[in-house]
Amino acid sequence: MCSERARELPVFPADSLPLGQRLIQQGLASTQEVERALELQSRIGGRLGAILMRSGVISETALLDVLTEQLGMPLVGRHLEAPGFPELAAFLDGTRINLDWFLTEQVVVWDDGDTGLWIAARDVLEPSLHDVLRYFYPERSLQLVLCRSQDLDAWLQFLNERAQTEGRQTAMFADDDIRHLREMAEEAPIVELVNNVIGQAIEKRASDIHIEPREFNFHVRFRVDGVLQSQLTLPQDRFAAVVSRIKLISAIDIAERRLPQDGRMSIRVGGQEMDVRVSSLPGVHGESVVMRLLPKECDGLRLENLGMLPDHLELMRAWTCEPHGIVLVTGPTGSGKSTTLYGCLESINDGVRKIITVEDPVEYQVPNITQVQAHAEIGLTFAAALRSILRQDPDVIMIGEIRDLETAEIAVQSSLTGHLVFSTLHTNDAVSAFTRLIDMGVEPFLVASPVRGVQAQRLVRCLCPHCAVSCVPEFDTEEVRLTEDTARHLFPDGTPNWRSAVGCSHCQGTGYRGRLGIYEMIDVRPEMQELIMQRAPVEHMRRLAAQQGFRSMREDGFLKAWMGLTSLDEVHRVTSG
C-alpha cells in the first residue's frame, strides 16, 4: 500500500517515449548528438542521459526535468522534501542491510513517514537495488525518486563518515601516484561531478567557479553578479580526483602541485559553448582552483546594453567615431572594462575599417576583427605585438591593457599617426588616468594631445524584478536632493522610483539579478589639455571636469537607483571610499 505522503505527491504518468526522442522534441539535443550518444552507449554501456550529460550536451537540471516526465518519478527538493541527516540515520539504525552495500551501490534510503521507503541512487533504475530492498523489506512500499548529484554526494558523505566512525570504511583515495590520479579523473562519477558543477554555474549565470580546499573537506563557490555564493561542500577524499579532472581537461600538469599553473579549455555544457580559463594556486590544504567562464558567443556586447544613460552613451559614441586618438576605459579588475571595449568595437565593426586587437587573454571572439593573443613567455608582449600590428595597415587598434611605458608610447604614437586606439588602465577614477600615464614616463604633452576621452566604471547589481519593493531613501538627503535635481534635468517626464532589495527564489534570496555599469566620463577639451600639460593636481582637473558637466560614478549610481534599476545600498557598497 502506498503511503499517505506518497499519495499527496502530484501524479507523474510515465511516458513511453524514449529519452532520446523526448530530448530532440524539446530541443535539448540534436538528432546527431543523440545518435552519437547511442553509438557510444552500445560500445561502453551506461545510461543515455548520463552519457549526454558527460558529453556536455545537456545539463543535469534539464535532464532531471525530462526524466521526471518520462519515468514518472518525483524529484527530491521539488516534489518532495529532501531528507535530513537525522532521517538517514534513523533508517540506518534499524536496517538489516550492511552499510557497505549502500556505499558500494551509491544508494540512500529513508522512511516516507508512513509505511513506505524513498530510494535515491546514482543509477536509480538498477534492478538489483529494488531486488535487495524488496527482499529485506517485503512489507514496505518502495518509491524510486530522482535527485541532484550534489544532494546524493552529501548524503553518501554522511554515510561514509558514519562508516569511518564504525571502522568499516577507509579513505577512498590513498594512492597518490600519477597513474592513479589519471584513473580517478576519468571515473564516471568524477566526470559527471565536474560537468554538473560547470553546468550549474552556467545556469546560475556565474562568472567564476572557486574550488577551495579545507582541512577536512573542500568548498565549491560561484561568483554570481560579482558576489561569491557557497554552492556545495564535498569530502576531502574526492578533492584530488576533482582537481585532477580539471587539470586533465585544461592541459595543466597533473603531477605539479607546488607551483601555480594556468590552463584553458573549451567545453560544451547544456548545449552552450564556453571557454574556461583555469588557474591553480598551491595552498596549505591543497591547490585552490578558479575557473573563469567565458561564453564563446555573446550577443549582448552592445553599448546600449551596458547601462549607460543617454548623455554618457552619446559621448561614448562620439569618441568611437573619432578618426584618430586614444579612448581609455579604467577601473579595477572585474569592473567590466573589456566588455565596454568590445561594445565599442561592435559599434564600429562595419566591415569598412580594419580592426586589430591584442589581448591577454582573448575573452570573446568577434567576427570580422583580427584578434591577437599575447604570449609574454615567448616574447609576444603587448609592445611586440603592437609593433607588428602597425605594419598590418589597421584603422582601429584595441590594446587589452597599457601596462608599461613601452606599450603606452606605442599607443600614443599610433594615435598620432592616424589610428583610433582603445585601451584600459587600472585606476580608481577617470581623472587619475592622466597622472597614471605621466607616472609611467609619458611626456605630459603626449598625454594631453592624443587622449580623446576617459571613462571609469564599476558594476552594480540590478534589483530583482520579482521581489524589489518601493522605499523612501534613508541616506544623505543632500545627495538624494542633488540626484533628483539631475534626474529632472535628464528625464523631465520621469518620476522617482527608489526601491530596495528583498530576496526571492528567482534571485536565490539575494534581492539582485544581473548587473549594470555605473560610469564617469571626461571629455578631453582644450582647458583639460592645458591642465594636463601643466601637471596640475588631480583636484584641479576634477574641479574643471565638474564645471564641464562631469558626473561621478557615485552620482551615476544614485541616478540609476532613482530609476529603480539598483538600490542605494548597492551603490554605497560599490562606491564607498
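Keep in mind it's a predicted model, so treat the numbers as computed, not measured.

The rules behind these values
Residues numbered from 1 in each chain as written. Predicted model: local features only at pLDDT ≥ 70, side-chain atom pairs only at ≥ 80, totals over all residues. Heavy atoms only, no water. Helix = DSSP H or I, 4+ residues; strand = E, 2+ residues; numbered from the N terminus. Buried < 20%, exposed > 50% of the residue type's maximum accessible area, 1.4 Å probe, protein only. Contact = heavy atoms within 4.5 Å. Areas by Shrake-Rupley, 256 points an atom, 1.4 Å probe, with all protein chains shown as cover. Lys, Arg positive; Asp, Glu negative; His and termini not counted. Charge placed at Lys NZ, Arg CZ, Asp CG, Glu CD. pLDDT = per-residue confidence, 0-100. 1 Å grid on protein atoms, 1.4 Å probe; cavity = no way out; pocket = protein on both sides within 12 Å on 5 of 7 lines; lining within 4 Å. Points joined across faces, edges and corners; volume = space filled by probe spheres on them. Nonpolar A, V, L, I, M, F, W, Y, C, P; charged D, E, K, R; others polar. Pairing = 2+ DSSP bridges. Right-handed = clockwise from strand over helix to strand, strands pointing away. Polar contact = N/O pair within 3.5 Å; in protein donor to acceptor, adjacent residues only side chain to side chain. Salt bridge = Lys/Arg side-chain N within 4 Å of Asp/Glu carboxyl O. Axes fitted to C-alpha atoms, helices over the stretch in contact; angles between N-to-C directions.

## Focus: the overall build of the protein
A tally of regular secondary structure across the protein gives 23 helices and 18 strands. With respect to the principal axes defined by its C-alpha atoms, the protein has extents near 90 × 60 × 45 Å. Out of the 577 residues in the protein, the part that is buried amounts to 50%. A separation threshold of at least 6 residues defines the contact pool for the protein, and within that pool the share at least 24 residues apart is 67%. Working note: accessible area of the protein is about 26,800 Å², and carbon and sulfur atoms make up 50% of it. Positive and negative side-chain charges in the protein, numbering 57 and 81 respectively, have mean positions lying 1 Å apart.

## A few points about the confidence of the model for the protein
Summarising the model, the protein shows a mean pLDDT of 86, and 93% of its residues fall at 70 or more. When mean pLDDT is compared element by element in the protein, strand E10 (residues 325-330) scores highest at 96, while helix H1 (residues 4-7) scores lowest at 39. With pLDDT under 50 throughout, residues 1-12 is counted as low confidence; its partners more than four residues away or in other chains account for 28 contacts. Predicted confidence for residues 168-176 stays below pLDDT 50, and this span has 17 contacts to residues more than four positions away or in other chains.

## A few points about the layout of surface pockets
Left-over empty space is what a probe sized like a water molecule reveals as it rolls over the atoms. Each pocket or cavity is described by its volume, and for the second largest pocket that value is around 780 Å³. As for the second largest pocket, its lining consists of 36 residues, and the residues nearest its centre are Arg 47, Ala 50, Arg 122, Asp 123 and Val 124. Mapped by element, the contributors of at least two residues to the lining of the second largest pocket are helix H3 (31-44), helix H4 (48-54), helix H5 (60-71), helix H7 (99-105), helix H9 (149-165) and helix H11 (188-203). The leading source of residues in the lining of the second largest pocket is H5, at six residues. Taken together, the residues of the lining of the second largest pocket break down into 19 nonpolar, eight polar and nine charged.

## Quick look at the pairing of strand E14 (residues 420-425)
On a regular strand, each side chain points to the face opposite its neighbour's, so the side chains alternate between the two faces of the sheet. Of all six residues making up E14, six are buried, and the element is well covered by its neighbours. One ladder, built from six bridges, connects E10 with E14; its direction is parallel. Within E14, the residue paired with Gly 325 across the bridge is Leu 420. In this structure, strand E13 (residues 396-399) lies alongside E14, joined through four bridges in parallel fashion. Residue pairing in the sheet places Ile 397 in a bridge with Val 421 of E14. For the segment spanning E13, helix H16 (residues 405-416) and E14, crossover handedness is right-handed.

## Remarks on the environment of Asp 237
When you line up the elements, Asp 237 lands in the loop between strand E6 (227-235) and helix H12 (239-249). Asp 237 gets classed as buried once you look at its relative accessible area, which sits at 14%. Between the alpha carbons of Asp 237 and Phe 216 there is a distance of 8.6 Å; along the sequence they are 21 residues apart. A polar contact of 3.5 Å, which involves the side chain of Asp 237, links it to the side chain of Asn 160.

## Concerning the pattern of salt bridges
By the definition in use, this model includes 34 salt bridges. With a shortest N-O distance of 2.6 Å, Asp 65 and Arg 78 are connected by a salt bridge. With Asp 65 in helix H5 and Arg 78 in the loop between H5 and helix H6 (85-94), this pair connects stretches of sequence that are 13 residues apart. Using a relative accessible area of 28% as the deciding quantity, one classes Asp 65 as partly exposed. With its nearest N and O atoms 3.0 Å apart, the salt bridge here joins Glu 570 to Arg 461. A residue pair is termed long-range when its members are at least 10 positions apart, and Glu 570 in helix H23 (residues 568-575) and Arg 461 in strand E15 (residues 451-463) qualify at 109 residues. The exposure class assigned to Glu 570 is buried, which follows from its relative accessible area of 1%. Judged by relative accessible area, which is 13%, Arg 461 ranks as buried.

## Describing the pairing of E15
Among the 13 residues that make up E15, 12 are buried, leaving the element largely enclosed by the rest of the structure. Of the pairings in the sheet, the one linking E10 to E15 comprises five bridges and is parallel in character. In the strand pairing of E15, Val 329 is matched with Gln 455. Strand direction decides the pairing type here: E15 and strand E18 (residues 512-523), joined by 10 bridges, are antiparallel. Of the residues in E18, the one forming a bridge with Gly 453 is Asp 523.

## Comments concerning the sheet that holds E10
Spatially, E12-E11-E13-E14-E10-E15-E18 is the arrangement adopted by the seven strands of the open sheet, whose pairing is mixed. The open sheet terminates on both sides in strands that have one partner only, identified here as strand E12 (370-373) and E18. For this sheet the average axis-to-axis angle between neighbouring strands, irrespective of direction, equals 20°. Direction of pairing for strand E11 (residues 355-359) relative to E12: parallel, over a ladder of four bridges. Paired with Thr 357 across the two strands is Gln 371, which belongs to E12.

## Observations regarding the environment of Ser 470
Checked against the element boundaries, Ser 470 lands in strand E16 (residues 469-470). In this structure Ser 470 comes out as exposed when scored by relative accessible area, which is 62%. It is 45 Å that separates the C-alpha atoms of Ser 470 and Leu 156, two residues lying 314 residues apart in sequence. Excluding its chain neighbours within four sequence positions, the residues that come into contact with Ser 470 are Trp 498 and Arg 499.

## Side note on the sheet that holds strand E8 (residues 272-283)
Taken in spatial order, the six strands make up an open sheet running E6-E5-E4-E9-E8-E7, and their pairing is antiparallel. The open sheet terminates on both sides in strands that have one partner only, identified here as E6 and strand E7 (261-269). The average undirected angle you get between the axes of adjacent strands in this sheet is 20°. In this structure, strand E4 (residues 206-213) lies alongside strand E5 (residues 217-224), joined through seven bridges in antiparallel fashion. When the bridges of E5 are listed, Glu 212 appears paired with His 219. Sitting on the sheet, H12 is in contact with E4, E5, E6, E7, E8 and strand E9 (286-295), with an inclination near 45° to E9.

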